[in-house]
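The residues making up each chain are set out below.
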Amino acid sequence: LMQLFRPLDLLGFVYRTIRQGMVDMAQMFTLMDTEVEVADRPGAPALIVRRPTLAFENVRFGYEAERTILHDLSFEVPAGSHTAIVGPSGAGKSTIARLLFRFYDPWSGRILIDGQDISQVEQKSLRAAIGIVPQDSVLFNDTIGYNIAYGREGAGEEEIVRAARDAAILPFIEALPDGFETEVGERGLKLSGGEKQRVAIARALLKDPPILLLDEATSALDSRTEQGILATLDRVSEHRTTLAIAHRLSTIADADAILVLEHGRLAERGTHAELLCADGLYAEMWARQAVEREEA
Ligand code: ATP
């Protein structure tokens, strides 16, 4: 996901993002060009989310005309359920997330949230409905309080403290001499991977979105920290429609549904148990990761 990281583009994007009042997605996405942003249709209505169902309907998409990345992809995530997307590197998992956030429009097909085509609604309202916990959170050179408050414009102090508590990072912050006023980032306190993830969770909680997009951290967390983060994520994703991009299958075995993506096509779908029985790509990935877990 990070291979196309272009710091300057990202910086410009982050700036515009803040200015437009859209929050917390910039870290998750690597943007090749700034002109990829899509525009609101004139008079586009706000997205209204009553039942946060997600649906991809025959979505075809590529970044370049000659290279299709997603081929006729269809799936549904029922309101309040948890779906995980797995598949080999380059299969198109993050592309699904980028389309859902409408960084790009599909070539054909539709993406629906609660029955509304996301290309037809105001982007600000779309992005307000989706909270992201990215795999590698970017922190601003500002206070830890600011870094959490960034989740929602105008959040009050109490709400920020509650979000920090629910993300299980409050004790850590309270133990710092300057508490929420502690400067973090490049020029301040360096946070560990796990602490940064918890800041991202607190941001997402503050936003209180009906839909959560989780991009699993691929590395850098020891297994105890990881277990703790997973438990927190389980708690915060309760009652929210959750789409998780997963690399380690052990973290998503209890998802309501698992979509197995291969070369931009849905190779398999089912629960963990169903997919093991099917003895296909998922079962193969599971067996391979089990060996790796043993070795670790
Ligand atoms: P990983 O597990 O490694 O993060 P992924 O399944 O999330 O992989 P994507 O990031 O969705 O894969 O990428 C799918 C394909 O699209 C890859 O071949 C990638 O090189 C290509 N791709 C991604 N972003 C761009 C871009 N901005 N421009 C051109 N091609 C891109």
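Residues numbered from 1 in each chain as written. Predicted model: local features only at pLDDT ≥ 70, side-chain atom pairs only at ≥ 80, totals over all residues.

Asker: What am I meant to see in the overall build of the protein chain here?
Answerer: Summing up its helical and strand segments, the protein chain has 10 helices and 10 strands in all. Here the protein chain holds 296 residues, and the buried ones make up 37% of them. In the protein chain, the share of contacts with a sequence separation of at least 24, taken over all contacts with a separation of at least 6, comes to 73%. (Helix = DSSP H or I, 4+ residues; strand = E, 2+ residues; numbered from the N terminus. Buried ≥ 20, exposed ≤ 12 C-beta atoms within 10 Å, placed from the backbone. Contact = placed C-beta atoms within 7 Å.)

Asker: Just to check I follow, could you spell out the nonpolar core for this structure?
Answerer: Note that soluble globular proteins tend to have their nonpolar side chains buried in a common cluster. Grouped together as the largest cluster of nonpolar side chains are 69 residues, with contacts concentrated most on Ile-85, Ile-148, Ile-201, Ala-202, Leu-213 and Ile-258. Not counting the four nearest positions on each side in its chain, Ile-201 is found in contact with Val-133, Ala-167, Thr-232, Leu-233 and Val-236. (Core = buried A, V, L, I, M, F, W, Y, C linked by C-beta atoms within 7 Å.)

Asker: Looking at this structure, I do not really get the sheet that holds strand S6 (residues 130-133). What am I missing?
Answerer: Pairing between the strands of a sheet comes from backbone hydrogen bonds, and it takes one of two forms, parallel or antiparallel. The mixed open sheet is built from 6 strands, whose spatial order is S6-S7-S8-S3-S9-S10. Two strands in the sheet have a free side with no partner beyond their single neighbour: S6 and strand S10 (265-270). Adjacent strand axes in the sheet meet at a mean angle of 20 degrees, parallel and antiparallel pairs treated alike. One ladder, built from 4 bridges, connects strand S3 (residues 82-86) with strand S8 (residues 241-245); its direction is parallel. (Pairing = 2+ DSSP bridges. Axes fitted to C-alpha atoms, helices over the stretch in contact; angles between N-to-C directions.)

Asker: Sorry if this is basic, but what is going on with helix H7 (residues 193-207) here?
Answerer: Owing to its 3.6 residues per turn, the α-helix aligns residues three or four sequence positions apart on the same side. A rise of 1.5 Å per residue sets the reference length of H7, with its 15 residues, at 21 Å; its end C-alpha atoms lie 21 Å apart and thus fit the reference within 8%. Listing the buried residues of H7 in full gives Lys-196, Gln-197, Arg-198, Val-199, Ala-200, Ile-201, Ala-202, Arg-203, Ala-204, Leu-205, Leu-206 and Lys-207. As for H7, its buried residues are in contact with S6, helix H4 (144-149), helix H5 (157-166), strand S7 (211-215) and helix H8 (223-237). Once H7 finishes, Asp-208 follows within two positions and takes phi at roughly 55 degrees, a positive value. (Expected span 1.5 Å × (residues − 1).)

Asker: Teacher, can you tell me more about unusual backbone geometry here?
Answerer: Apart from glycine, the bulk of residues carry a negative phi angle, and the bulk of peptide bonds sit in the trans form. The phi torsion at Ala-168 lies on the positive side, around 60 degrees, for a residue other than glycine. Tracing the chain through its elements places Ala-168 in the loop between H5 and helix H6 (170-174).

Asker: How should the sheet that holds strand S1 (residues 54-61) be read in this particular structure?
Answerer: Spatially, 4 strands are ordered S2-S1-S4-S5 in an open sheet, and the strand pairing comes out antiparallel. The open sheet has two free edges, formed respectively by strand S2 (70-77) and strand S5 (116-117), since each of these has just one partner strand. Across the face of the sheet, helix H2 (residues 93-100) comes into contact with S1, S2 and strand S4 (108-113) while running at roughly 110 degrees to S1.

Asker: Looking at this structure, I do not really get the pairing of S10. What am I missing?
Answerer: The two faces of the sheet receive side chains in turn, since in a regular strand these alternate between them. Alignment of strand S9 (residues 257-262) against S10, held across 5 bridges, turns out to be antiparallel. Within the sheet, the bridge partner assigned to Ile-258 lies in S10 and is Gly-270. A loop of 2 residues connects S9 with S10, the two strands running antiparallel in sequence, and His-263 in this loop sits at a positive phi of about 45 degrees.

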